[in-house]
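Given next are the chains, with one letter for each unit.
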Amino acid sequence: MKKCFLTLMSLLFVSGLITACSENGPDNNGDNTDIEEVVPGTNHKILIAYFSEPLPDGIDAVTSASRVIVDGDLYGSVQYVATVIQEATGGDMIRIQTAQPYPDNFDDLAAQADNERQNDIHPTLATEIDNFDDYDVIFVGYPIWWYQMPMAMYSFFDKFDCSGKTLIPFSTHDGSGWSGTLEDIRELVPDATMVDGYSISRNNTATSREGILNWLREIGMTE
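Residues numbered from 1 in each chain as written. Predicted model: local features only at pLDDT ≥ 70, side-chain atom pairs only at ≥ 80, totals over all residues. Heavy atoms only, no water.

Asks: Explain the environment of V38 to me, please; I cannot follow it from the model alone.
Replies: Assignment of secondary structure puts V38 in the loop between α1 (2–13) and β1 (46–50). Distance in space between the C-alpha atoms of V38 and D196 is 7.5 Å, their sequence separation being 158 residues. The residues touching V38, leaving out its near neighbours within four places in the chain, are V195, E218, I219 and G220. (Helix = DSSP H or I, 4+ residues; strand = E, 2+ residues; numbered from the N terminus. Contact = heavy atoms within 4.5 Å.)

Asks: Quick question: what am I supposed to make of helix α6 (residues 181–188) here?
Replies: Think of an α-helix as turning once every 3.6 residues; residues three or four places apart then point the same way. What α6 keeps buried is the set T181, L182 and I185. Summarising the axial view, the buried residues of α6 lie within an arc of 105°, below the 170-degree limit, and thus occupy one face. Here the buried face of α6 lies against β5 (137–143), α5 (151–159), β6 (166–173) and β7 (193–194). (Buried < 20%, exposed > 50% of the residue type's maximum accessible area, 1.4 Å probe, protein only. Arc of directions from axis to C-beta.)

Asks: What's the story with the pattern of salt bridges in this structure? I'm lost.
Replies: Oppositely charged side chains may form a pair once their charged atoms are brought near each other. Enumeration over the complete set of coordinates arrives at 6 salt bridges. D92 serves as the salt-bridge partner of K45, at 3.6 Å between the closest nitrogen and oxygen. You can see K45 sitting in the loop between α1 and β1 and its partner D92 sitting in strand β4 (residues 92–95), a full 47 residues away along the chain. Accessibility expressed as a relative area gives 36% for K45, which makes it partly exposed. Between D114 and R117 there is a salt bridge, with its nearest N and O atoms 2.4 Å apart. One end of the pair, D114, and the other, R117, are both in helix α4 (residues 106–118), 3 residues apart, so they sit about a helical turn from each other. (Salt bridge = Lys/Arg side-chain N within 4 Å of Asp/Glu carboxyl O.)

Asks: Hey, could you run me through the side chain of S52 in this one?
Replies: With respect to the helices and strands, S52 occurs in the loop between β1 and α2 (61–64). Non-local contacts of S52, meaning those with residues more than four positions away in its chain, are made with G76, S77, V78, Q79 and R95.

Asks: Would you take a moment to explain a negative patch on the surface for this structure?
Replies: Residues D133, D134, D161 and D191 make up a contiguous surface patch of negative charge. You can see D161 is positioned in the loop between α5 and β6. (Patch = residues over 30% accessible without salt bridge, like charges linked within 9 Å, V, L, I, M, F, W, Y side chains within 5 Å. Areas by Shrake-Rupley, 256 points an atom, 1.4 Å probe, with all protein chains shown as cover. Lys, Arg positive; Asp, Glu negative; His and termini not counted. Charge placed at Lys NZ, Arg CZ, Asp CG, Glu CD.)

Asks: In this structure, what is going on with empty space enclosed by the protein? I would like to understand it.
Replies: To find leftover empty space, one rolls a probe the size of a water molecule over the atoms. All chains considered together, the criterion is met by 2 cavities of 30 Å³ or more. Taken as a whole, the second largest cavity spans an internal volume of roughly 40 Å³. If one sorts the elements of the lining of the second largest cavity by residue count, α4 sits on top with 3 residues. Partitioning the lining of the second largest cavity into residue classes produces 6 nonpolar, 1 polar and 2 charged. (1 Å grid on protein atoms, 1.4 Å probe; cavity = no way out; pocket = protein on both sides within 12 Å on 5 of 7 lines; lining within 4 Å. Points joined across faces, edges and corners; volume = space filled by probe spheres on them. Nonpolar A, V, L, I, M, F, W, Y, C, P; charged D, E, K, R; others polar.)

Asks: Got a minute to help me understand the packing of helix α3 (residues 77–89) against helix α7 (residues 209–218) in this structure?
Replies: Axis angle and axis distance: for two packed helices, these are the angle between their axes and the distance between the axes, and together they describe the pair. Interaxial distance between α3 and α7 falls to 10 Å at its minimum, and their mutual angle equals 50°. The angle between α3 and α7 falls in the class oblique. Considering only the axes of α3 and α7, their crossing is right-handed. The residues of α7 that touch α3, namely those facing Y80, V81, V84, I85, E87, A88 and T89, are R209, I212, L213, W215 and L216. The class makeup of the residues in the contact of α3 with α7 is 9 nonpolar, 1 polar and 2 charged. (Axes fitted to C-alpha atoms, helices over the stretch in contact; angles between N-to-C directions. Parallel < 35°, antiparallel > 145°, perpendicular 65-115°, else oblique. Left-handed = near helix turned anticlockwise from the far one by under 90°.)

Asks: What is the right way to read the nonpolar core from this model?
Replies: Among soluble globular proteins, nonpolar side chains are generally buried collectively. Membership of the largest hydrophobic core comes to 36 residues, with the highest contact counts inside it found for F132, Y142, M153, F156, F157 and L167. By residue number, the principal contributor to this core is α5, which donates 6 residues. Y50, V68, V78 and M221 belong to the second-largest nonpolar core, a separate cluster that totals 26 residues. (Core = buried A, V, L, I, M, F, W, Y, C linked by side-chain atoms within 4.5 Å.)

Printed below as a string of C-alpha cells:
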C-alpha cells in the first residue's frame, strides 16, 4: 500500500494529472493577472536563468518526461526552451543550481521536493551572477513540481533582487499549466514588470521551437 501511495505521489510531483497532457501548443492563458503583453524598447541586456533537473534515462514515462531529444541532442525540457530563447535573443544563459545537488533517483527527488515544499525550505544556491544588476530583462524558467515552482526558484528570488527589472517567465508542465506560479512571482517581486510568459506541456517541448519563436516575436523580444 505504501509503495502504491508513493507511486501516486510521484506522478503528481511531475506537475499534475498525466492524463491532462493533450494540448498541442503553449498554455499562455490561465493566471496572467497584471501581465504586460510586450517588452518596450529594443536595446536590452538579457539574462535567461533557468532551473532544470533532468533525470537519467529510465524505463518509466514519468522519469523520461524531464528529458527531450531534439536533432539527436539531449536536453532537460526547461533547458531546451531556455536554449531556443538564448539563440533567438542573444542573451546570456545560466542554469540555477543548488549547492547540494538533488538526488538522481525519481522517488528520492520527489520526496525531497515535497519536503522542501511542505516546510518552506529555500535551498542554498551555488549559482552566482556577478553582473546581475546589469540586466534589465530576465527570462526565468522552471518546471512545475507539486503544482508550484521548485523551492530553488524561491531561493533565486531571495538571492537576486529583480525589483525594477522586466521578468518573463517560461515553464514546462505535465498538464497543470502555470499552476498559480505567475501570481507567486508577482508576490515575490511586486516591483518588477511581468511580461506574458510561455508555458508548455513537456510532451510537446521537443516540437516547440516555432511556438517559442512566435511567442518571442509577439512580446517584442525578436523581430
